[in-house]
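Listed below, chain by chain, are the residues.
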Amino acid sequence: MPSLLSPALTPLIGTLALGKGFQFHALICHDKRQIRPLLQPLREAVQGRRGHPIQLEHLLPSELLPHTQALEGEALIRLVLNCLISLSKPGASEALQLILLDASSADGDDFPAWRLLFQRLNGMYDALRDSLPAGLLICLPPALEKALIQDAPEFWGNRRTTVRLESAQGAPSQTPVLEHLPQVQETPVDPPSPELLAARAALKARTQDPTLRRQLMVLLGKRGDEQAQKGHSAEALKAYRECVILSTSLTRLDPANTRWQRDLFVSQIKMGNVLLGRSEAAEALKAFRASHAIAETLACQDPGNTLWQRDLSVSLDRLGDAFQALEDADAALEAFQERLGIVDGLARLDPDNTQLQRDQAVSCLKIGDLQLAAEHHREALASFQRGVFITRALAHKEPHNLLCLRDLSVSYNKIGDMLLAQGDGPGASDAYQDALEIARGLAIRDPANAQWQVDVAVACSKLGAHAGLPLGERRTHLRQGREILNTLRQSGRLQPGQNWIEWFDLLLTALPV
């Protein structure tokens, strides 16, 4: 290893040499003069370990952006995003690329601009991870490290390595220390209802009473439902976790009580749903597996109990969602197909049951998604067409059923994806427009429903990303979708897994002027 390199860089060199795709690293330095002498030796060391050439780009905004006072935040963001976008375009070099984003010379006046950049990058983490074939190494002084941790928790939590260079003996710190960083204030959640407070007090007085335990569990479940619908996922998760604890205690008192077993099943499903929405897929999978074990046991006890059979199908659906979030497409497809087999059988027994028909439609759409991702276009089109046929029939049969209307909106988006993959741009545009029209109608009817607001943003994203539409129209859709998500975020109602604001920013930046 070249003598200019500190031993502290050894883990970074090894990780870069073995890495593929996007990876993030942090390098903390006390003196900006430490960075430039490292560039060539670092490139040579990684190249030597890897056995192939690498491209290293030193991005130093303090030199590239003209400024006489503080850096301007939006100018810094444009500079960095343009660099990242150029690397994510089709046809970009296949060699390992390393971007060294250098904030080592930042002083206190520049901190607001860098913090704004950190916040933007944080929302783009998933998009960068999926599309950027490069390593990103941010060099920054200790005073900015705290800002990076607070403003970009997604990046910091997924960093591969952190390198801390020792300061030269007696060298003063180049930047002031940030003692306090402002905290983002979330919208206050609703206080517990008087009924919930009374039930909790009653149980505290009679802790062993199973009736009071279940009464509190039911009220907590209701609170969780209300908070989840409003987008307050942390409060909903807190309520559902307490439901699981109470339900578990009841099943231990009487393991043969199938009503209490099903209470635990429902609580695990609801807790898993919130965890999945918060991008905690591994924890969600644990909850869904626990619920599936209960559903299997009950369904085997009484195969003729259609409620328990449907519960089994629901657990399979949630398992499929978790597997898909964890990028296990084969396991997800198997779960969704098994679920569809169950609900098809139940629907034949009860052909007028609209809930079962909706289950069929949702399963078809999810199966079609996976088939489309695997480029099995014929199978995907058949799955989507069956799903749309069912949802159209349900929407016609029950025009005031808002869930059926939402299913139809989702179906049109899926059809649009399929048509776009087949090269039918106009057909895809029509389908996306139909989806957007329905989603907007639902959002107007129930403005408090955060998910329906997100559905409008999703439909806007489909049209905004459609290369066949006029630039002005695409820009309008992207701005509208971004504004919806930003409004939800500012009110504390946007789930972490739905924070696609920076994806919208990335597309808006990439659109030609």
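Each chain has its residues counted from 1, following the order in which its sequence is written. For this predicted model, a pLDDT threshold of at least 70 governs which residues receive local features, and a threshold of 80 or more governs which side-chain atom pairs are given and counted, while totals over whole chains, interfaces and linings are taken from all residues. Hydrogens and water molecules were not included; the side-chain quantities draw on all heavy atoms of the structure.

> How should the overall build of the protein chain be read in this particular structure?
From N to C terminus, the protein chain includes 22 helices and five strands. Contact definition: two residues touch when any of their heavy atoms are within 4.5 Å. In the protein chain, of all internal contacts separated by at least 6 residues, the share reaching a separation of at least 24 is 69%. A 1.4 Å probe and the Shrake-Rupley method give the accessible areas. Residues count as covered only by the protein chains that appear here. Put simply, the protein chain shows about 24900 Å² of open surface, and 53% of that area lies on carbon and sulfur atoms. To qualify as a helix, a DSSP run of H or I must reach at least 4 residues; to qualify as a strand, a run of E must reach at least 2; elements of each kind are numbered from the N terminus.

> Even after reading the chapter, I still don't get the packing of aromatic side chains, so can you show me in this structure?
A ring pair, where both rings are aromatic, is described by two values, the distance of the centres and the angle of the planes. Whether two aromatic rings pair depends on their centres lying within 6.5 Å, for rings of Phe, Tyr and Trp, where Trp uses its six-membered ring; planes under 30 degrees apart make the pair stacked, over 60 edge-to-face, and the rest tilted. A complete count under the given rule lists two aromatic pairs for this structure. Residues Trp503 and Phe504 carry aromatic rings whose centres are separated by 5.2 Å and whose planes lie at 90° to one another, so their mutual orientation is edge-to-face. We call a residue buried when its accessible area falls under 20% of the maximum for its residue type, exposed when it is over 50%, and partly exposed in between, using a 1.4 Å probe and counting protein chains only. The buried category is assigned to Phe504, whose relative accessible area is 1%.

> What exactly am I supposed to notice about the state of the cysteines here?
Formally, a disulfide is one covalent bond, and it connects the sulfur atom of one cysteine to the sulfur atom of another. Only a pair of cysteine sulfur atoms within 2.5 Å qualifies as a disulfide here. One pass over the structure, following the stated rule, counts zero disulfides. You can see Cys29 has no disulfide; the closest cysteine sulfur is in Cys139, sitting 6.2 Å from it.

> Would you mind showing me how to read helix H2 (residues 39-50) here?
A helix is expected to span 1.5 Å multiplied by its residue count minus one. When the terminal C-alpha atoms of H2 are compared, their 16 Å separation across 12 residues agrees well with the 16 Å that a helix rising 1.5 Å per residue should span. All of the buried residues in H2 are Leu39, Pro41, Leu42, Ala45 and Val46. Following H2 by one or two positions, Gly51 has its phi on the positive side, about 85°.

> How should the nonpolar core be read in this particular structure?
The nonpolar side chains of a soluble globular protein tend to be buried with one another. Among the buried residues, those of types Ala, Val, Leu, Ile, Met, Phe, Trp, Tyr and Cys that are joined through side-chain atoms within 4.5 Å form a nonpolar core. Counting residues in each nonpolar core, the largest one holds 38 residues, and the members touching the most others are Trp114, Leu144 and Phe155. Tallying contributions element by element places helix H4 (residues 73-88) first for this core, with seven residues. Residue contacts for Phe155: discarding those within four places in its chain leaves Phe22, Phe24, Leu121, Asn122, Tyr125, Leu128 and Leu136. In this structure, Met271, Ala287, Val314 and Leu356 belong to the second largest nonpolar core, which totals 37 residues.

> Would you explain the packing of helix H11 (residues 233-253) against helix H12 (residues 258-277) in this entry?
Relative placement of two packed helices is described by the angle separating their axes and the distance separating the axes. Between the N-to-C directions of two axes lies an angle of 0 to 180 degrees, each axis being a line fitted to C-alpha atoms and, for a helix, fitted only over the stretch in contact. Where H11 contacts H12, the two axes come as close as 8 Å, and the packing angle between them is 155°. Taken together, H11 and H12 sit at an angle that is classed as roughly antiparallel. Read as a crossing pair, H11 and H12 show a hand that is left-handed. In contact with Ser233, Ala236, Leu237, Tyr240, Arg241, Cys243, Val244, Ser247, Thr248, Leu250, Thr251 and Leu253 of H11, H12 contributes Trp260, Gln261, Asp263, Leu264, Ser267, Gln268, Lys270, Met271, Val274 and Leu275. Nonpolar residues are Ala, Val, Leu, Ile, Met, Phe, Trp, Tyr, Cys and Pro. Charged residues are Asp, Glu, Lys and Arg, and all others, Gly as well, are polar. Class assignment for the residues of the contact of H11 with H12 results in 12 nonpolar, seven polar and three charged. Under this scheme an angle from 65 to 115 degrees is roughly perpendicular, one under 35 degrees roughly parallel, and one over 145 degrees roughly antiparallel; angles in between are oblique. Helix crossings get a hand from a simple test, with the near helix turned counterclockwise from the far one by less than a right angle marking a left-handed crossing and a clockwise turn marking a right-handed one.

> How should the pattern of salt bridges be read in this particular structure?
Two side chains of opposite charge can pair, provided their charged atoms sit close to one another. Salt-bridge detection follows one rule: a side-chain nitrogen of Lys or Arg within 4 Å of a carboxyl oxygen of Asp or Glu. Applying the stated criterion to the full structure yields 25 salt bridges. For Asp505, the salt bridge is made with Arg482, and the minimal N-O distance between the two is 2.5 Å. Of this pair, Asp505 sits in helix H22 (residues 501-510) while Arg482 sits in helix H21 (residues 471-490); the two residues are 23 residues apart in sequence, bridging distant segments of the chain. Per residue, the accessibility class of Asp505 equals that of Arg482, and both read buried. A single salt-bridge network, built from bridges that share partners, covers Arg310, Asp317, Arg318, Asp321, Arg339, Asp359 and Lys366.

> I tried to follow the packing of helix H14 (residues 306-325) against helix H15 (residues 329-349) on my own but got confused; where do I start?
It is the contact of H14 with H15, at a shortest axis distance of 8 Å, that shows an interaxial angle of 160°. Our classification of the angle between H14 and H15 gives roughly antiparallel. Crossing handedness for the pair H14 and H15: left-handed. Taken together, the residues of H15 that come into contact with H14 (itself represented by Thr306, Gln309, Arg310, Leu312, Ser313, Val314, Leu316, Asp317, Gly320, Asp321, Phe323 and Gln324) are Ala331, Ala332, Ala335, Phe336, Glu338, Arg339, Ile342, Val343 and Leu346. Grouping the constituent residues of the contact of H14 with H15 by class yields 11 nonpolar, five polar and five charged.

> Help me understand the environment of Phe384 in this model?
Its place among the elements puts Phe384 in helix H17 (residues 377-397). Along the chain, Phe384 and Leu372 lie 12 residues apart, while their C-alpha atoms are 9.8 Å from each other.

> Help me understand helix H20 (residues 450-464) in this model?
Helical geometry note: an α-helix holds 3.6 residues per turn, so side chains three or four residues apart project in the same direction. With 15 residues, H20 should cover 21 Å at 1.5 Å per step; its first-to-last C-alpha distance of 21 Å lies within 8% of that length. With 12 of 15 residues buried, H20 lies mostly within the body of the structure. Turning to H20, its buried residues number three or more, namely Ala450, Trp452, Gln453, Val454, Asp455, Val456, Ala457, Ala459, Cys460, Ser461, Leu463 and Gly464. Where H20 is buried, its residues meet helix H10 (210-229), helix H18 (402-421), helix H19 (425-445), H21 and H22.

> Can you help me understand unusual backbone geometry in this one?
Across the chain, the bulk of peptide bonds are trans and the bulk of non-glycine residues have phi less than zero. The phi angle at Glu327 is positive, at roughly 65°, despite the residue not being glycine. Mapped onto the elements of the fold, Glu327 is located in the loop between H14 and H15. Looking at Glu327, the relative accessible area reads 64%, which means it is exposed. Within the chain, Glu375 stands out as a residue other than glycine whose phi angle is a positive 65°. Summarising the element assignment, Glu375 is placed in the loop between helix H16 (354-373) and H17.

> What is the right way to read the side chain of Ser313 from this model?
Note on placement: Ser313 falls in helix H14. Ignoring anything within four residues of it in the chain, the contact list for Ser313 reads Arg339, Ile342 and Val343.

> I keep staring at a negative patch on the surface and nothing clicks. Help me out?
Residues Glu296, Asp328, Asp330, Glu334 and Glu338 make up a contiguous surface patch of negative charge. No other element matches H15, which puts three residues into the negative patch. Given the relative accessible area of 54%, Glu334 is considered exposed. Residues enter a patch when their relative accessible area is above 30% and they make no salt bridge; the linking distance is 9 Å between like charges and 5 Å between nonpolar side chains (Val, Leu, Ile, Met, Phe, Trp, Tyr). The charge count includes Lys and Arg as positive and Asp and Glu as negative, but it does not include His or the ends of the chains. A charge is said to be at NZ when it belongs to Lys, at CZ for Arg, at CG for Asp and at CD for Glu.

> Looking at this model, I keep getting lost on the environment of Gln324. Mind explaining?
Structurally, Gln324 is set in helix H14. Taking the C-alpha atoms as reference points, Gln324 and Ala281, 43 residues apart in sequence, are found 9.1 Å from one another. Apart from the residues within four sequence positions on either side, Gln324 is in contact with Ala332, Phe336, Asp369 and Leu370.

> Sorry if this is basic, but what is going on with the side chain of Asp102 here?
Take Asp102: it is sitting in strand S3 (residues 96-102). For Asp102, which is buried and forms no salt bridge, the nearest opposite charge comes from Arg36, at a distance of 6.2 Å. A distance of 2.5 Å separates a polar atom in the side chain of Asp102 from a polar atom in the side chain of Ser104. Polar contact criterion, stated in full: a pair of N or O atoms within 3.5 Å, where within protein one must be able to donate a hydrogen and the other to accept it, and residues adjacent in sequence count only if both atoms are side-chain atoms.

> What exactly am I supposed to notice about the pairing of strand S1 (residues 23-28) here?
Successive side chains on a regular strand alternate, one facing one side of the sheet and the next facing the other. A large share of S1 lies buried, amounting to six of its six residues. Both faces of S1 are covered, namely the face carrying Gln23, His25 and Leu27 and the face carrying Phe24, Ala26 and Ile28. When DSSP locates at least two bridges between a pair of strands, those strands are taken to pair. Two elements, S1 and strand S4 (residues 134-140), share six bridges in a ladder whose sense is parallel. Its bridge partner lying in S4, Gln23 is registered against Gly135. Bridging between S1 and strand S5 (residues 161-164) involves four bridges; their strand directions are parallel. Its bridge partner lying in S5, Leu27 is registered against Val163.

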